[in-house]
Amino acid sequence: MIVMLMHQIFLKDLCRMVNGLLKTALGVPPGSTTTLTTAQDQTFRIESVKCLATIIKSMGSWMDQQLRIGEFSPKVSEASLNSIDNPNILIGEDGNGIDYELQSDSGSPDISGAPSLEQRRAYKIELQKGISLFNRKPSKGIDFLIKSKKIGHSPEDIASFLRNTAGLNATMIGDYLGERDEFPIKVMHAYVDALNFEGIDFGEAIRHYLRGFRLPGEAQKIDRIMEKFAERYCKCNPNSFTSADTAYVLAYSVIMLNTDAHNTMVKDKMSKSDFIRNNRGIDDGKDLPEAYLSTLYDQIVKNEIKMSADSSVPQNKQPSSVMKLLGLDNIISFVNWKQAEDRALGANDLLIKNIQEKFKAKSGKSESVFSVITDTTILRFMMEVCWAPMMAAFSVTLDQSDDKAATSQCLQGFRSAVHVTSVMCMQTQRDAFVTSVAKFTYLHCAADMKQKNVDAVKAIISIAIEDGDYLQEAWEHVLTCLSRFEHLHLLGEGAPTDASFLTVPLVESEEKAQRSTTSTSSKRTNALQNPAVMAAVRGGSYDSTTAKNNASPLVTPEQINNFISNINLLDQIGIFELNHIFAHSQRLNSDAIVAFVKALCKVSMTELQSPTDPRIFCLTKIVEIAHYNMNRIRLVWSRIWKVLSNFFVSVGLSENLSVAIFVMDSLRQLAMKFLEREELANYNFQNEFLQPFAVVMQKSNASEVRELIVRCVSQMVLSRVNNIKSGWKSVFTVFTAAAADDRKSIVLLAFETMEKIVRDYFQYITETETTTFTDCVKCLITFTSSKFSSDASLNAIAFLRFCAVKLAEEGFVCHDKDTDQQPNNLDSSDGNTVVHKDDNVYFWVPLLAGLARLTTDSRPTIRKGAVEVLFDILKDHGHLFSQFFWANIFKSVIYPLFSSESFTPNGQNSSVNSTEDDSWNFETKMVALKCLADLYITFFEVMRPELSRVTSLVTNFIRSPYKQSASTGISVFQCLAEGLASKLSKDEWEKILLCFKESAAHTFVVFDKIVRMMQDIEIPDRNESYSEAEQYSDHDIYNDDEEEANMETASYAIVRMKNHMALQLLIIQGIIKLYEEHKSSLCAEHISIMLEMLSAIASHASQVNSESSLHIKLHKACSLLEVSEPAVVHFESESYQSYLKLLQALRYDNPSLSENMNAEPQIMLVCEKILQMYLTCAGHEPCNDASGRDPALHWVPLGTAKKEELEARTSLVLHVMRLLGGLEENCFRRNLPLFFPLLTNLIRCEHSSGEVQLALYDIFQSSIGPIISA
């Protein structure tokens, strides 16, 4: 309680003192009497302000002393130089040095003579000299050792030396590994790549990693070392994190936790919840498992990560210096940047407790003593009670007085107040002081400016330079002042305003600027006629974004003169001081630079959004800032770029075309600079950097901006292709959007670059992530949809073929993972080691799937080209694919090509008129079917299990309602059988024949549909012609809609009938051809299937011929439509003749097989059926009467139709009679009872040709006669 009371008394006294000084500074209140003269009163007021300024300045000085602000921690090199001469540096912790022998000596015989010992001694002395030199200057030490041939010159040799040699200064090892030169970077990579982290926990991996060296002091060096560690760990453990970025951030977090947990000077220890919260969203926007982070936290807290012991590092250094030496002050600042203010506020209780303890310790002493306070948090209490009176005193004095001394003290007081409140994280108070100074600059109303306002501008610049690390949100006020200062400076110089550049083409504005050669005075005179100058003279409020230029009164000559003189006052401040703030932004700490960039973007948006006077000052500074700070560590630069990326997108989508073009070109310059840096594997920052290009390209409505983006990206790719890694994703996103653009010039420009990328830089695409190649394929596919250039579309398809060739050349082979013993298949059978890359399936699948999608394009040339290229790729490079991958190709790429059949194979009703889409769909599928058969024959041994599916796919085409499609199915089936004949087993032959049989039988349902279609149709009995031309040209002939519909249906039925019979004849021909070409490969079961098919078709032909009512209707319809009738009789005759032909061929080609299959009875039955059909047509049924007498007593002549039918059947009957006549005697004798009644009936029939009687004569004379005479 006593301490609390004393604390309160102290603050109350301070408050009373400050308020007293405030009253004095404000002077005698109006209406009050005083004995002081005016001079005395003025002196008192100035001294009061000076006293207040001194108080706040002393606070700042004490704070700086306690916090050591302004001091620089000793550099690593300085810390280590003090102990270089210590001979102990050449030995390790255990005091034992290594015996680093020459490699050549290890294999030589042991020599114990003096010369050998002397050589060894000289070698060791020289080696130790090199080690000692390394511990002073690592690069010189390495050069000395290489020149003296103590170590090899390759990065691997040097890495091995650093890793295995005792006596090396661990700090110097870390410092050398972190160098930015090319060779040390290669050594560092070799050093890290030699470490194996496979299967090691992340925390243990870092612990093992840091045993060999100490982290250097520069943040950039730490960044390079930890970046490589993250990449190596992810490579050893590919399933550990989503990307190397995650491991990179987590590594920093672990190092920070280790320092926080095991540093005795850190009072507020990081809790487990703090650690988990700090690492939220680091896994590509997602959280790592909480249990994982919790375990990692426990490991680090319980077991400190101890870096390699180094005798050259002093042990009595204060923790803050050690933190700076390790470069961890920035890391801790980054992780805890949101908690800085909360920790400062939460120190109140600790401060009071500390004061209580000190007073208790001294309470027993009687004499009065002063208590020394070292905790700077007490300044917060002091500022909280005195900041308002101080600001009032400084503000009133500065506003009312023009005395140089008084205003100088006020500005100094403001300056110190900003410093204290900024460092103590007192945001409200800091912003109040900064805003006050900014308002006193009078840059918003330059006509009223005085010298003290110019001094205020100088104070703002001083604040920005000296306290930039602590300004945070107050940067906005500072940058607003700088923006206004630059604007007034340009107006005073008579330079054209930015608005003039942003409202006319940039080229014209530059020409105008170059033509301007007038003097400065004339520029200023002419500038006064500029509306922007007039607006600046009128002025405005501090918070207004634009000066008053509409409703304000006219500008007076006095105001103009004041403005000119005030512009001259601003000449005291050179543009150099202004640029100094931006040029030295790279010295700001991590949090400060982010806050600075945020504020700069906000002020820039305010400038650009001005409706009357848009400006690009801050926009140009943003580009400079990004350039200056690009070399910051990745963690900080990521935060900076997140702000800048959103800004560039917003401005790139601006309605002001000139602004948008300017910012996109500025982004291009930054990207060119950024792409100079090489990106390691598994990182994604290039893609994030180039993302604004992609977003603006997709969203911008300005074709000029989109064309500029394409040009910018093209230039970046062609000039920085060696360094592009993850950036390919954004590149292809831009070109994909360009491919779909509605401007022809943009499409062709993008395709030109894509052509060069694929032709010349293909290896850079495939060396990165697999998704990069997928994006490339998607881009090319999008180009195929271009509506401007068919050549570009076809070339894009050709480039897809080229991509496949490149994949094959680069060894992207797809092997079965379960058959490979190792992830990388090394084939060294021919003496050359070929490394097959992992996950190659992800390169081939998008390429093939993309081409498959193009087969459904609406343009015939694209469809045809896509089908041909797809199957050419599979045929040319199929040898690179495993059986498993082939199965996936058939399942996901090939089979879907045929899945959307437009016909209805189940016999469902189809529309009378097929659509055009169905037509070209079948055309594409027919081409694909031919290519599929050719492909399957080529790779049959690999894809043998797909035989049934492929055959089914081919034979399904036979069921098509389109004649061309069905005939294609039959021809492709024949090609498939011909190509695989020698490779098919007995069971496989049976499978494909059964599949053929099933599809052929399915075609019979077409006739049933025709019968049902015509069942209820009535064909009119008319003599008039009803041709199709008349049907559609003159509808007045038949007014009955139902009658017209019936005729249309009949017309469709006639076409379907003809196509159906033609298809059956094609199937018959296919069967006969199969037998003739492959009879040596066919067994009895196979031939039986063929005979069953022919028998079924012949029976179906008889069924078709027996539908007399249907034929009558079709006859009428054909007569009216003036078209030929379906050749039903010819169909029936050809069916039976082919059936009989195959039976005969079987009987003569393989008598034994024929006998086993009972071919002879089948032949006789077919012949009997043929003769019966002929007799039936002739009007004579077979005589079954036992008496043998003819039941018909009267003979009736045949009509014309019957005679024509008999003539059509004559050839088939003659064939049967010749067959019977050619039978062997025993065979003829056995079958004579079956045929004799039929032959006798033929004698008394009417025939259309005399050849039948001659054939009968021959049979009776040569075959029946001898039997009778015997």
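Predicted, not measured: the structure shown is a model, and the values here were computed from it.

The rules behind each value
- Residue positions are given per chain, counted from 1 along the sequence in the order it is written.
- With the structure being a predicted model, the display of local features is reserved for residues of pLDDT at least 70 and the display and counting of side-chain atom pairs for 80 or more, all residues being used for whole-chain, interface and lining totals.
- Side-chain metrics rest on all non-hydrogen atoms present in the structure, leaving aside hydrogens and water.
- Here a strand is any run of E in DSSP of at least two residues, a helix any run of H or I of at least four, and the numbering for each starts at the N terminus.
- What a helix should span is 1.5 Å times the count of its residues minus one.
- To sort residues, take the accessible area from a 1.4 Å probe on protein chains only and compare it with the maximum for the residue type: under 20% means buried, over 50% means exposed, and anything in between is partly exposed.
- Pairing of aromatic rings covers Phe, Tyr and Trp, the last through its six-membered ring, and needs centres within 6.5 Å; plane angles under 30 degrees mean stacked, over 60 mean edge-to-face, and all others mean tilted.
- A positively charged side chain is recorded as over a ring if its NZ (Lys) or CZ (Arg) lies within 6 Å of the ring centre. The angle to the ring normal must also be within 35 degrees.
- The contact rule is simple, with two residues in contact once any of their heavy atoms fall within 4.5 Å.
- To get the bend at a residue, fit one axis to the 7 residues ending there and another to the 7 starting there, then take the angle between the axes.
- By definition, a salt bridge exists where a carboxyl oxygen of Asp or Glu is found within 4 Å of a side-chain nitrogen of Lys or Arg.
- Values of pLDDT, ranging from 0 to 100, describe the predictor's confidence in every residue of the model.
- In this analysis an axis means a line fitted to C-alpha atoms, helices contributing only their contacting stretch, and an angle means the value between N-to-C directions, from 0 to 180 degrees.
- For this classification, under 35 degrees means roughly parallel, over 145 means roughly antiparallel, 65 to 115 means roughly perpendicular, and everything else is oblique.
- The sense of a crossing depends on the near helix, which, turned anticlockwise from the far helix by less than a right angle, makes the crossing left-handed and, turned clockwise, makes it right-handed.
- Classes in brief: Ala, Val, Leu, Ile, Met, Phe, Trp, Tyr, Cys and Pro nonpolar; Asp, Glu, Lys and Arg charged; the others, Gly included, polar.

## Re helix H21 (residues 451–466)
Counting along an α-helix, one turn takes 3.6 residues, and residues three or four places apart therefore face a common direction.
Thinking step 1. Compared with the 22 Å implied by 1.5 Å per residue over 16 residues, the 22 Å span of H21 between its first and last C-alpha is a close match.
Thinking step 2. Burial in H21 covers these residues: Lys452, Asn453, Val454, Asp455, Ala456, Val457, Ala459, Ile460, Ile461, Ile463 and Ala464.

## With respect to unusual backbone geometry
Thinking step 1. Here the phi dihedral of Lys149 falls at roughly 60 degrees; this positive angle occurs in a residue that is not glycine.
Thinking step 2. Within the fold, Lys149 resides in the loop between helix H5 (138–147) and helix H6 (155–164).
Thinking step 3. For Glu1122, which is not glycine, the phi torsion reads 60 degrees and is therefore positive.
Thinking step 4. With respect to the element layout, Glu1122 can be found in the loop between helix H51 (1108–1121) and helix H52 (1128–1149).

## Focus on the packing of aromatic side chains
Thinking step 1. The final tally for this structure, using the stated rule, is 46 aromatic pairs.
Thinking step 2. An aromatic cluster of at least three residues, connected via ring pairs, comprises Tyr191, Phe197, Phe202, Tyr209, Phe213, Phe229, Tyr233, Phe241 and Tyr292.
Thinking step 3. Between Arg634 and the ring centre of Tyr248, over which it is positioned, the NZ or CZ distance is 5.3 Å.

## What about the side chain of His1078?
Thinking step 1. Considering the arrangement of structural elements, one finds His1078 in helix H49 (residues 1041–1078).
Thinking step 2. Residue class for His1078 comes out buried when judged on its relative accessible area of 6%.
Thinking step 3. In this view, His1078 contacts Ala977, Glu978, Ala981 and Trp989; residues no more than four positions away in its chain are not counted.

## Some thoughts on helix H55 (residues 1200–1221)
Thinking step 1. A rise of 1.5 Å per residue sets the reference length of H55, with its 22 residues, at 32 Å; its end C-alpha atoms lie 31 Å apart and thus fit the reference within 8%.
Thinking step 2. Of all the bends in H55, the largest measures some 40 degrees and sits at Thr1210.
Thinking step 3. Residues of H55 that are buried include every one of Glu1205, Leu1206, Arg1209, Thr1210, Leu1212, Val1213, Leu1214, Val1216, Met1217, Leu1219 and Leu1220, and no others.

## Looking at the pattern of salt bridges
Thinking step 1. Here the structure, examined in full by the defined rule, presents 43 salt bridges.
Thinking step 2. One salt bridge connects Lys228 with Asp193, and the closest N-O pair in it is separated by 3.1 Å. Residue Lys228 is found in helix H10 (residues 219–236), and its partner Asp193 is found in helix H8 (residues 182–193); the two are separated by 35 residues along the sequence.
Thinking step 3. Note on Asp193: relative accessible area 35%, which makes it partly exposed.

## What about the confidence of the model for the chain?
Thinking step 1. Of all residues in the chain, 76% attain a pLDDT of 70 or more, and the chain-wide mean is 77.
Thinking step 2. The model gives residues 72–115 a pLDDT under 50, and that stretch makes 57 contacts with residues more than four places away or in other chains.
Thinking step 3. Every residue in residues 901–917 is under pLDDT 50, and counting partners more than four places away or in other chains gives 21 contacts.

## Overview of the environment of His1100
Thinking step 1. Assignment of secondary structure puts His1100 in helix H50 (residues 1084–1106).
Thinking step 2. Classification of His1100 by relative accessible area gives buried; the value is 4%.
Thinking step 3. In sequence terms His1100 and Phe1004 are 96 residues apart; their C-alpha atoms lie 7.4 Å from each other.
Thinking step 4. Setting aside chain neighbours within four positions, we find His1100 in contact with Phe1004, Phe1007, His1060 and Phe1131.

## Describing the environment of Phe1007
Thinking step 1. On the secondary structure map, Phe1007 appears in helix H47 (residues 1005–1015).
Thinking step 2. In this structure Phe1007 comes out as buried when scored by relative accessible area, which is 0%.
Thinking step 3. For Phe1007 and Arg1056, which are 49 residues apart along the polypeptide, the C-alpha to C-alpha distance reads 8.4 Å.
Thinking step 4. Sequence-distant contacts of Phe1007, defined by excluding residues within four places in its chain, comprise Met1057, His1060, His1100, Gln1103, Val1104, Glu1107 and Leu1110.

## Thoughts on the side chain of Ser416
Thinking step 1. One can find Ser416 in helix H19 (residues 404–423).
Thinking step 2. Under the relative-accessibility criterion, Ser416 is labelled buried at 7%.
Thinking step 3. Among all residues touching Ser416, those that are not within four sequence positions of it are Ile56 and Lys57.

## Observations regarding the packing of helix H54 (residues 1159–1178) against H55
Thinking step 1. At a minimum axis distance of 9 Å, the contact between H54 and H55 shows a crossing angle of 150 degrees. Considering the angle they form, H54 stands roughly antiparallel to H55. The two elements H54 and H55 meet at a crossing, and its hand is left-handed. Across from Ile1163, Met1164, Cys1167, Ile1170, Leu1171, Met1173, Tyr1174, Cys1177 and Ala1178 in H54, the residues of H55 making contact are Lys1202, Glu1205, Leu1206, Arg1209, Thr1210, Leu1212, Val1213, Val1216, Leu1219 and Leu1220.
Thinking step 2. Taken together, the residues of the contact of H54 with H55 break down into 15 nonpolar, one polar and three charged.

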